Amino acid sequence: MAAGSPLVRGFLISGLLLFTGAVLYLGAPVIVPVVEALVVWFVLNAMASGLRRMPVLGRMPAWAALLLSAIVVLVLGGLVVVAAVTTAASLGPRAAALQQALDPAVSRLASVYGSEAAALIDGLLDGLGLEAVMRAVVAGMIGLVSHFSIVAIYVGFLLVDQAFFPQKLDALFPDPARRGRARLVMARVGEGIRTYLWIMTAVSTMTAGLSYLILLAAGVEHAFFLAATIFVLNYIPTIGSIIGTALPAFFALMQYQAVLPTLAVLAGIGVVQFVIGNIVLPRLAGSSLNLSLFVTVLSLFVFGALWGVTGMFVAMPLTAMLAILFRNFEPTRPIAILLSRTGEIAPAEG
């Protein structure tokens, strides 16, 4: 069999994909903090760029904008950590009452639809393990910030090193033509990721802010923690919005142990998620990422299986980065076309 035959190339590509997947999965303890640091670094640069476009703050130098952005992120991160620890401490006593809070609703269903339907729903609720889900969500939030110091160190070194990126690029590509093309590709990748993160940060802030007002109006405890959780979950397409809508409703159910307040919180936050996710976000984002919906969902599950919650957060920007890289090389342009939403991709850079 010829070494260059399609079958051999298929085996080689499959083996390379399996090897890459194994490395990403087994190396997750080392890779995940680095990926998180890169995301934070991109967010800080996007925030700094946004600050420098403002009328008054635009006069500050780049380093001052980065420093101010870092201070804002540190303060907000500290507040979220405190809120997460406080919520976790009070969740234990409340979680035991969650299943009991559902008993009246199940009893009403039994009176309307019969005991068989009520028993089926009760069994489904027992199988879901809502108490375990609630604990897992809060534990996951705390776990995301548990290695904050490592990520902060990585981000600090990235911020220091970014001043030398142009010199490193010159050393990597001595040929001016190749260097110019590499600059264009990297600029396109950076612009795409920064635009996506900036848009998602603005949209997540709007969603979390409105949800916070709804939770305050409903008198739900731990409103700040829930709003911060909604903000973070909003970076996960589709699945994050669903969890971000259901989680405050579960907290309301534990607190009030009544159906009407729970439905009010569910409906209020659901409307916010629907309007912002289906009207505001498409107008802001447009076709900036140009990724297929199937590819979007698939990337969530693939990166989620590799790196857990962090993988789901970074699935979209990483997939968009791969799509931009693929379109700039002739052998991989067909892959970029398959990843795109419409099949139309921009020409190669340079």
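Check the entry above for the structure.
Residues numbered from 1 in each chain as written. Predicted model: local features only at pLDDT ≥ 70, side-chain atom pairs only at ≥ 80, totals over all residues. Heavy atoms only, no water.

A.B. asks: Account for the overall build of the protein, with residues named and values stated.
C.D. replies: Secondary structure summary: the protein contains 13 helices and zero strands in total. Mapped in sequence order, the helices and strands of the protein form the string α-α-α-α-α-α-α-α-α-α-α-α-α. Sorting the 350 residues of the protein into buried and exposed places 36% on the buried side. Put simply, 67% of the contacts in the protein that link residues at least 6 apart link residues at least 24 apart. Only carbon and sulfur atoms are counted for the fraction: they give 74% of the accessible area of the protein, which is about 19400 Å². (Helix = DSSP H or I, 4+ residues; strand = E, 2+ residues; numbered from the N terminus. Buried < 20%, exposed > 50% of the residue type's maximum accessible area, 1.4 Å probe, protein only. Contact = heavy atoms within 4.5 Å. Areas by Shrake-Rupley, 256 points an atom, 1.4 Å probe, with all protein chains shown as cover.)

A.B. asks: Go over the nonpolar core with me, naming the residues and quoting the values.
C.D. replies: Of all hydrophobic cores here, the largest spans 42 residues; its most connected members are Leu197, Ile236 and Trp307. Mapped onto this core, the elements with two or more residues apiece are helix H2 (28-52), helix H3 (62-113), helix H6 (148-161), helix H8 (176-218) and helix H12 (293-327). For this core, the leading source of residues is H12, giving 13 residues. Excluding residues that lie within four positions of it along the chain, Ile236 makes contacts with Ser241, Leu300, Met312 and Phe313. Ala223, Phe225, Phe251 and Val265 belong to the second-largest nonpolar core, a separate cluster that totals 14 residues. (Core = buried A, V, L, I, M, F, W, Y, C linked by side-chain atoms within 4.5 Å.)

A.B. asks: Describe the environment of Ile269, naming the residues involved and giving the relevant values.
C.D. replies: Within the fold, Ile269 resides in helix H11 (residues 259-285). C-alpha separation for the pair Ile269 and Ser241, spaced 28 residues apart in sequence, amounts to 9.7 Å.

A.B. asks: Kindly report on the packing of H2 against H8, identifying the contributing residues and their values.
C.D. replies: At a minimum axis distance of 9 Å, the contact between H2 and H8 shows a crossing angle of 80 degrees. Viewed along their axes, H2 and H8 adopt a mutual orientation that is roughly perpendicular. Along its contact with H2, which presents Val39, Phe42, Val43, Asn45, Ala46, Met47 and Gly50, the element H8 presents Gly190, Ile193, Arg194, Leu197 and Trp198. Tallied by class, residues from the contact of H2 with H8 come to eight nonpolar, three polar and one charged. (Axes fitted to C-alpha atoms, helices over the stretch in contact; angles between N-to-C directions. Parallel < 35°, antiparallel > 145°, perpendicular 65-115°, else oblique. Nonpolar A, V, L, I, M, F, W, Y, C, P; charged D, E, K, R; others polar.)

A.B. asks: Now, about helix H9 (residues 223-233): what can you tell me, with residues and values included?
C.D. replies: Burial runs high along H9: eight of the eleven residues are buried. All buried positions along H9 are accounted for by Ala223, Phe225, Leu226, Ala227, Ala228, Thr229, Ile230 and Leu233.

A.B. asks: I'd love a proper account of unusual backbone geometry, names of residues and values included.
C.D. replies: Of note, the phi angle at His222 is positive, near 55 degrees, even though the residue is not glycine. Mapped onto the elements, His222 comes out in the loop between H8 and H9.

In short, shape yes, function no, at least from these values alone.
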